[in-house]
Amino acid sequence: MTERTLYQRLFEPPRINQMAIGTKVVVYGLLLIWSAVVLFPIYWLLITSVKSAADVNGGPVYIPFVDFTPSLHAWRELFVVDYEDTLRAYFNSIIISLAATLLSTLIGSMAAYALARVKYAPNLVTVLIFAILMIITFVSIGIYGVDWRLVIASALAVFFFLMKAVSSRVKIPLKNGDILFWMISQRILAPIVVVVPIYMMFQTVRMLDTHLAIILTYAVVNLPIVVWLMYDFFTSIPRDLEESAQLDGATMFMTFREVVLPLSKAGLAATTLLVMILSWNEYLLALFLSTAKAQTMPILVAAMNAGERGILWWSMSAVIVVMIIPVVFMAVVLQRYISKGILLGAVKG
Amino acid sequence: MKTTFKSLLTGAMAAAMMTGASTATAGEFDGVTVNILTRPGPVIAGRLVDRGKEFTEMTGAEIRVNEVPFAEIFQKLLTDWATGTNSIDVGVFASGWAVELVDGGLVENLDPYIAKDDKINFDDIAPYFREFNQKIGGSTYLITVDGDFQMLYYRRDILEKIGMEPPATWDDYMKVAEAMHGMDMNGDGEADYGSCIFKKRNAQSYFAIGSIAAGFSQTQGTGEGLWFDPETMKPKINNAAWAEAFRVYKDTGKFAPADELNQDIGDTRALVQAGRCGLVIDWGDIGPLSIDEAGAAIKDKMGAVIMPGSPMVLDADSNTLVQCDATRCPHATNGVNHAPYAAFGGWAGAINQKSDQKVKDAAYAFLSYVNQAEQSNVDVTMGWTGYNPYRNSQLNDTTKWIEAGFSPEFADNYLGAIKDSLNHPNMASDVRIPGAQQYTGVVLDRELARFLAGEITAEQALANIEEGWEEITEDFDRESQAQMYKLSLGITN
Amino acid sequence: MTTPENMTPDRPGPAPVDLTWTANPGGPVSQWIDNHARQLFIMPAVLMILVFSIFPLVASLIIAFSRIRLRGGGYQVRFVGWKNFEKQIFGSEQFHFLGTFTQMSVVGWMVGLSVTGLILWWMYKYVTTQFTVVGFIGRLITASVTIAIAFMFAATFFSGNPFGTLGVTLFYVFVGCGVQFLIGLGLAFLCSQQIRGRNFFRVAFFIPMMITPIGVGYVFRMLADTTKGPFTPLWQGLGLKDFAWATDPWAARVFIVIGDSWQWIPFVFIILLAAFENVPRDYVEAAEMDGAGSWQIFREITWPQVLPVAVTVMLIRVIEAFKIVDLPNIMTSGGPGIATESMSLHSFFAWRALDLGQSAAIAYLLLFVTVVICVSFFNLIVLNRMRQND
C-alpha cells in the first residue's frame, strides 16, 4: 500500500466498511441535517392538525401542551362528523391506486422485458394505417355521434383488409428503440392537454365517475415510467440465467415469471412504489373523472381550502397526514424487498 | 315511442302534482334523488346538507350534495350538462355564471314553477336580487340562497378612539387607514394594520377593484352599466376613473400587511377575526363572523357602512374626473357618488333542464324550501353558513339577529348598511355575460396583478385590458354579447 | 405521441438477443399463447397507449386550432387557424408567454449574439466532421430553438424586462432539477455507505414524495407564511418584517423551487440509491485490494455504473418539471404579477376560464419545447457520452 497523506488518513478509511472519524462526523451531520429538513414540515403538519383556529392564526406556536393545548376537533370532524365522505374517499384512493399500480407495473414490465430481449420490426405502414383508422373512429364517435360498436367493428374490418392489401407490399420496419422512445415520450404530455378529451371519451362509454375509468387512466399515465425504469433494469441483468432456462425448455412466460422477476425485485419494488405514489397523489385527472362516487383523497385535500372562509389548515393537515400513512406503510414493506434485491445482486456476480 | 309516452306521462303526472308542490306532502317525492353540485366545506354546502335532511323527512326526496373545489365548480357543471352526462341535477353557484349556461340552453326556466308556488313569497326578496340576479332575459332561472355585495367595515372602537368618522370617500379612507395603521388593535402588543383588502392574484382582487372603480365611474343608475357601453360593447375601462381606482387600490397597500399581495379573502378574514385590521372591504359575512367563536377579538367592535364613493366622477368626453353636480350624479349623497357593487352576486341554485321532470320538481321544491323566509331568515344570521341576507324580512326585523348574538346596536348598524347598499338605485352590476370569467377572472385580474406588482403602470394595464376584452368580445360575437349585456342590466329593447 | 422521424434516437444499449423460447406442451390455448408470447408481451402496453394518447392528442390539436364553446347538446367548434398560437407568440399575450420586449440592452445583445455564435460554431463543427442528413435536421431544430430562447432571455431578463411563462418554466426546470440532482445524488451516496440507521434514513428521506403535490403546496405556503409560519421569529429577527417573499418576483420563484425540490429530491434519491446499491460489491472490494482511494473508486467504478440511471432519472425529472403546476398555483397563484406562472399554469388558467383553444395552444407550445429540449438532451448528451465510452 502506498504512503497515505494526512488527508487520506483522516478521511479515507483503510477499508470500505470502516469510516474515518472525520468522515463519520461529516456523514452523520449531513444525514441528520437533511432528516431535519425533511421531517420538520411533517412535524408541523402533525401539530397543525391538533391546533385550534386561534392557535394557527395567532402566530406560530410549536410544542403541544407547552405553548398550546392540542384539540382533536379537526380529527373529530374528519372521522366522526364527516366520516362517510372521508372513508369513501379513502377506500376509493386505496382501490384505485392499488389496481392502477398493479396493472401498469404488470403490463409495463412485460413490455419492457420484451423490448429488452426480443427484436421487433413492426411495419411503419401498418402502424400508420392503424393510427389513422383509430383517429377516424374516435372522431366519428366523438364529434359525429355514430354508434361506437358499429364504428369499431367496421374499423377493424377495414384494418385487416388494408393490412393484407397494403402492408404486405410496402415495408418500413421500425426498431425496438423507436417503440421504446414512443412509449416513453407519452410522459411528456401534460395532463392539462388530455383531460378534456379523456373526459369526452369516458362520457361516450358511460364510464364517468367509476373506479375503472380512473384506474385505466392512471395505469396508462404511469406506463411510460414503468417501461423506462424496468427496461433499464432488465438490460442490466445478465442473460445467462435466461439462456439456461431457455435451454431447459422454459417458455417466455415461465422465464419471465420464474427467472427474470425474482432477479429484478429491487427495480420492481422501486417502480411499484413510485407508480403507487404517483397514482395515490394525482389530482387533476381525478377531479375531472370523478363526481361523487369515485372521489379520491387529493380532492378532499383541495376541498379544505374553503375559499372566502380561508383555508381550514387544521383539517387540511389532518387529511394530508392520513394520506401519508398508507404510503409510508408501503415504503416500509417494499423496503425489505429492495434490500433483498440488493443482497441478491451482491451474490450474483 | 315507448319512452316518449312514458316521459309524457310522468310530465303530466308531475304537472298535476305541482299544484300542491309547495305544500310539501310526506312521501311526495319518494325514491327521487336530487344531485346537487356546489363548493366544499361547511360554507354554503353545509346548510344545504342540513336542510336536505329535513326535506327528505318531509317529502321523501333524497338530497345528495356533491362538493368540488370552488375554482372548478363551473367547469365541472358546464361540462357535465353540455356533454349530456347529466349526473348533476342542481348547481348551486355564483349567480353571474348562469348567463352562459342559460345562453347554452341548459337551465330550466323557473317561471312556471314560481307561479304555482304559494310559499316562496317572491315580493319579499330584495329588488336587486329579484329583478337582476335571479333573472336572465326577463325570466327567472335562479333561486337565491345567499345575497352578495361588498361593503366597508371599520373598527368602531378604534375609530372612536381616534375621533374620526367612517369614511365616505376614498380620500377619507386613506386618512383613516393612515391614522389607524400601526396601532395595537387587539391588545397583543404588536402593531396592526390600517387597511386590509385582499390583493392576491387569481383570487378575489377583481371584485375589490370593481367596488372601488364603480364610485368613480358609474353615476346614472344600474342600467348605465359599469363595464361596457351596452350599445357598442366598447369597454368602459381605459379611462381616468379606472386609472384612479387602480391607484387607490395600490395605495391602500401602504397601510396593510407586507405580504398583502399574496393574501386572498380567506387570509384577510383570518386577520380581521384576529382583530388586526382597522378598515376592511368585504361581503356581508363580516357581520356574522364577528359574533363567531373565532371572532372573539372583534365581537361588538365592528361597524359597517356603504362602500366609499367619490365626489369626483368620470367625464367621458374629456376623460378626466370632474366634480359631482345634480345632473352628473343624480344619486349622490352629500355630493359623493356611491355605487355599491354586487360583486359575485351571491350563491344561487339552477336546475338542469335535462333532468327528469320528477327530479326537477323535487329540485325546485327543495330550492324554494331553502329560500323561504321561514328557513332562510334563520340561516343568514349564522356566520358559518356563508348565507348573507337577501330578503326584506331579513333586513327589517332585527330579532333573529339579536337572538343569534348581535348587539341591538350592531344589528341596526349592519342591517342599515346593507339596506343602504341594496336599495341604492346606483347599484353596480357584475359582468353577467358569456365569457365573464375570461373578462374579469383572467384578463382584468392578471393586468391588475401586474400593476400591483409594479410590472406596468395603471395606464398600460388598462390599455391591455381594453385590448384583451375586445378580443374576447369579438370571439363571442359582439352583437350577441351586447344583447346579453343589455339583458343583464334590465334593458329590454 | 409520434415524433418526427428525424428525431428518433437510434438507442444503442445492449442489442436485444433474440431468444427462441419453446412452447409449453399443453392445451391448444396455452400453445397458442406461447407461440404468440412475443406479441402478447408488448401488445397490452401498445394498445393502451394508443387508445389513451392518440385520441386525446388529436382532439387537443383540433381544439388548439379552434375556438370551442360548450353548449346544450355538445360542442360548438369554430376553426381559427393559427390564431391561438399567433396570440401567444406575436399578439396580445406575447408579454405573458415570452415576456415584455422593448429596447434590447447592450448586455442583451452580447448574450444573444454570443450564444448564437457558439451554436453556429457547434453546427459548423458538426457539418465539417460527421455530417448526416437526419442528424443535421435534428441539430438544426435544436439550434434554432436554443437561439430563440437565448434571444428571449436576452431581450427580457438581460435587458431588464420581465419574462413570461416560458422563461419561468425554464427557470423551474433547470434550476430546480439541478438542485434536486446534486442533493439527491449526495444523499444517495451517503446512504449507500455502511452506516447505522440506514433504513431509517431511507424511509425518512423518502417521505416528502409521499405527500400529494397540492398538499406540498399548502404545507410550504404555511411554512413560508411570514406572520403565522414557524419561521416568523427568525424572519423578523433578520429584520425582514416588512419584506414579504411573495411580493418579490425572484424571492417568490426561489421559494417555489425550494418547495418543488423538497418534494422531488426523494425521487432522485431513491432511484440513485438503488443504482448505487446495484454496483457489485466485489468490484469495489477488488479495487480496494489494489489500494484505490475512495474518490478513485467512486470515479472509476461506482460512477460509470450509476451514470446511465442518473441520466434516466434526470430525464424523467426534467419531463415532469416542465409540467409544474400545483406549487405555483397554490403558493402564489402565479403572482406577484405573472412572475411565478409556469406554462402549465398558464394553460390551466385559460382552461379554467373555458378558453379551451388558448389552453390547448399553450399546452402544445409546452409540448414542443419539452420535446425539443428532452430529445436534444438525450441525443446530444446521453448518446454522445455513450459513444465516447464505447
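Residues numbered from 1 in each chain as written. Chains lettered and ligands numbered in written order. Predicted model: local features only at pLDDT ≥ 70, side-chain atom pairs only at ≥ 80, totals over all residues.

### Observations concerning the overall build of chain B
When helices and strands are counted, chain B shows 20 helices and 13 strands. On C-alpha atoms alone, chain B measures out to a radius of gyration of 23 Å, which is about the 23 Å that the 2.2 N^0.38 rule sets for 493 residues. For chain B, the C-alpha atoms occupy an extent of roughly 70 × 50 × 40 Å along the three principal directions. Taking as baseline every contact in chain B between residues at least 6 positions apart, the subset at least 24 positions apart corresponds to 77%. (Helix = DSSP H or I, 4+ residues; strand = E, 2+ residues; numbered from the N terminus. Rg over C-alpha atoms; globule rule 2.2 N^0.38 Å. Contact = placed C-beta atoms within 7 Å.)

### Quick look at the overall build of chain A
When helices and strands are tallied, chain A shows 16 helices and zero strands. Split into buried and exposed, the 349 residues of chain A put 45% on the buried side. In chain A, the proportion of contacts linking residues at least 24 apart, taken out of those at least 6 apart, comes to 74%. (Buried ≥ 20, exposed ≤ 12 C-beta atoms within 10 Å, placed from the backbone.)

### Considering the sheet that holds strand 13 (residues 347–351) of chain B
All names here are of chain B. One open sheet holds the five strands; their spatial order is 2-1-3-13-6, and the pairing between them is mixed. Each of the sheet's edge strands pairs with one partner strand only, and the pair in question is strand 2 (62–67) and strand 6 (143–144). Bridge analysis of strand 6 against strand 13 gives two bridges, and the strand direction is antiparallel. By the bridge assignment, Thr144 is partnered in strand 13 with Ala348. (Pairing = 2+ DSSP bridges.)

### What about the sheet that holds strand 9 (residues 277–282) of chain B?
Residue and element names in this part refer to chain B. Taken together, four strands build an open sheet; the order of strands is 8-9-7-10 and the sheet is mixed. The open sheet has two edge strands with one neighbour each: strand 8 (193–196) and strand 10 (302–305). Averaged over neighbouring strand pairs, the angle between their axes works out to 15° when direction is ignored. Sheet analysis places strand 7 (residues 151–155) next to strand 10, joined by four bridges and oriented antiparallel. Bridge assignment links Tyr153 to a residue of strand 10, and that residue is Ala304. (Axes fitted to C-alpha atoms, helices over the stretch in contact; angles between N-to-C directions.)

### As for the packing of helix 10 (residues 211–236) of chain A against helix 13 (residues 294–321) of chain C
For the pair helix 10 of chain A and helix 13 of chain C, the least separation of the axes is 11 Å and the interaxial angle reads 170°. The angle between helix 10 of chain A and helix 13 of chain C falls in the class roughly antiparallel. In contact with Ile225(A), Trp228(A) and Asp232(A) of helix 10 of chain A, helix 13 of chain C contributes Pro308(C), Val309(C), Thr312(C) and Ile316(C). (Parallel < 35°, antiparallel > 145°, perpendicular 65-115°, else oblique.)

### A short note on the interface of chain B and chain A
Every contact between the two is made by 22 residues of chain B and, on the other side, 22 residues of chain A. For the side of chain B that touches chain A, the elements supplying multiple residues, two or more each, are strand 2 and helix 11 (265–273) of chain B. With five residues, helix 11 of chain B is the single largest residue contributor to the side of chain B that touches chain A. Classifying every residue of the side of chain B that touches chain A gives nine nonpolar, eight polar and five charged. (Nonpolar A, V, L, I, M, F, W, Y, C, P; charged D, E, K, R; others polar.)

### Description of the interface of chain A and chain C
Facing 101 residues of chain A, the contacting portion of chain C comprises 97 residues. Looking at the side of chain A that touches chain C, the element that brings in the most residues is helix 16 (residues 313–348) of chain A, giving 14 residues. Partitioning the side of chain A that touches chain C into residue classes produces 69 nonpolar, 22 polar and 10 charged.

### Section: the environment of Val43(B)
Residue and element names in this part refer to chain B. For Val43, the position within the fold is in helix 2 (residues 42–59). Assessed through the 23 C-beta atoms surrounding it within 10 Å, Val43 is described here as buried. Along the sequence, Val43 and Ser393 sit 350 residues apart, while their C-alpha atoms lie 23 Å from each other.

### What to know about the environment of Leu279(B)
All names here are of chain B. Position of Leu279 among the secondary structure elements: in strand 9. Assessed through the 28 C-beta atoms surrounding it within 10 Å, Leu279 is described here as buried. In the structure, Leu279 is positioned 203 residues away from Ala482 in sequence and 37 Å away in space, judged by C-alpha atoms. Other than its neighbours up to four places away in sequence, Leu279 contacts Leu152, Tyr154, Tyr173, Val176, Ala177, Met180, Gly194 and Ser195.

### Description of the confidence of the model for chain A
In low-pLDDT segments, the atomic positions of the prediction should not be examined closely. Residues and elements named next belong to chain A. Mean pLDDT over chain A works out to 82, with 88% of the residues at or above the 70 mark. Predicted confidence in chain A is weakest over helix 1 (residues 6–11), with a mean pLDDT of 58, and strongest over helix 5 (residues 83–117), with 92. Note on residues 340–349: pLDDT under 50 across the span, and 12 contacts to partners over four residues away in sequence or across chains. (pLDDT = per-residue confidence, 0-100.)

### Section: the pairing of strand 13 of chain B
Taking burial as the measure, the five residues of strand 13 of chain B include five buried ones, the bulk of the element. Covered by surrounding structure in strand 13 of chain B are Trp347(B), Gly349(B) and Ile351(B) together with Ala348(B) and Ala350(B), the residues of both alternating faces.

### A look at unusual backbone geometry
All names here are of chain B. Its identity is not glycine, yet Asn202 carries a phi of approximately 55°, on the positive side. Summarising the element assignment, Asn202 is placed in the loop between strand 8 and helix 9 (205–217). The residue Asn334 is not glycine, and still its phi comes out positive at about 50°. Examined against the element boundaries, Asn334 turns out to sit in the loop between strand 12 (320–323) and strand 13.

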